Amino acid sequence: MGYQKEHNCPQCGYQAVVAGGPDAGMRRAYTLTISCVTCQELHDVEWLEPKYTSRGDGVAFSWRQRKLRCPESPDHEWEPFEGRCPVCSGDLSVNEEGAGVLWD
Ligand SMILES: [Zn+2]
Ligand SMILES: [Zn+2]
């Protein structure tokens, strides 16, 4: 499991629990946080996927890169998350002790 933190907007009250950057899940996938302009939400999206290919002498491992898109719709416009609120563009504050999912 990777880790996610609670992000709060002091201006408009928006709240999201996201990784806030590149994050590595356990053998699952790398995720990246995007800020969707269309639905005004932050999303952790899968970015790199582990890929195992069997070959004659064993198994080859590589990362497969996915096309980034909003999970709601491929037509949504989004930008990389840079710490700003997707609703009002204010600076988000990160609650380190909040409802985030933390490392052990
Ligand atoms: Zn969206
Ligand atoms: Zn806001």
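Preceding this section is the structure that the text describes.
Rules behind the numbers
- Residues numbered from 1 in each chain as written.
- Chains lettered and ligands numbered in written order.
- Predicted model: local features only at pLDDT ≥ 70, side-chain atom pairs only at ≥ 80, totals over all residues.
- Heavy atoms only, no water.
- Donors = N, O, S within 2.8 Å, 3.2 Å for Na, K, Ca; no water.
- Tetrahedral: all angles 85-135°; square planar, octahedral: opposite > 155°, others 65-115°.
- Helix = DSSP H or I, 4+ residues; strand = E, 2+ residues; numbered from the N terminus.
- Buried < 20%, exposed > 50% of the residue type's maximum accessible area, 1.4 Å probe, protein only.
- Patch = residues over 30% accessible without salt bridge, like charges linked within 9 Å, V, L, I, M, F, W, Y side chains within 5 Å.
- Areas by Shrake-Rupley, 256 points an atom, 1.4 Å probe, with all protein chains shown as cover.
- Salt bridge = Lys/Arg side-chain N within 4 Å of Asp/Glu carboxyl O.

Caption draft 1: Looking closely at the coordination of the zinc ion (ligand 2). Within the first shell, the zinc ion (ligand 2) binds the protein through Cys 9 (SG), Cys 12 (SG), Cys 85 (SG) and Cys 88 (SG), at distances of 2.3 Å. What the 4 donor atoms of the zinc ion (ligand 2) show is an angle range of 102 to 118° at the metal, which sorts the shape as tetrahedral. In the primary sequence, the donor residues of the zinc ion (ligand 2) line up as C-x2-C-x72-C-x2-C. In this pair, Cys 12 sits in the loop between β1 (5-8) and β2 (15-18) while Cys 88 sits in the loop between β7 (78-80) and β8 (93-95), placing the two residues 76 residues apart along the sequence. Taking the relative accessible area as the measure of exposure, Cys 88 reaches 33% and is therefore partly exposed.

Caption draft 2: Highlighting a nonpolar patch on the surface. The grouping of Tyr 52, Val 59, Phe 61 and Trp 63 at the surface amounts to a nonpolar patch, some 460 Å² of accessible area in total. Ranked by the residues each element gives to the nonpolar patch, the list is headed by strand β6 (residues 58-65), at 3 residues. The topology assignment puts Phe 61 in strand β6. A relative accessible area of 43% means that Phe 61 is categorised as partly exposed.

Caption draft 3: Quick peek at the pattern of salt bridges. On inspection of all chains with the given rule, the structure shows 4 salt bridges. Across the salt bridge formed by Glu 46 and Arg 66, the nearest N and O atoms sit 3.2 Å from each other. Here Glu 46, found in strand β5 (residues 41-55), pairs with Arg 66, found in the loop between β6 and β7; they are 20 residues apart in sequence, far enough to count as distant. Looking at Glu 46, the relative accessible area reads 29%, which means it is partly exposed. The shortest N-O distance in the salt bridge between Arg 64 and Glu 49 comes to 2.8 Å. With Arg 64 in strand β6 and Glu 49 in strand β5, this pair connects stretches of sequence that are 15 residues apart. In this structure Arg 64 comes out as partly exposed when scored by relative accessible area, which is 44%. One network of salt bridges, with partners in common, ties together Glu 46, Glu 49, Arg 64 and Arg 66.

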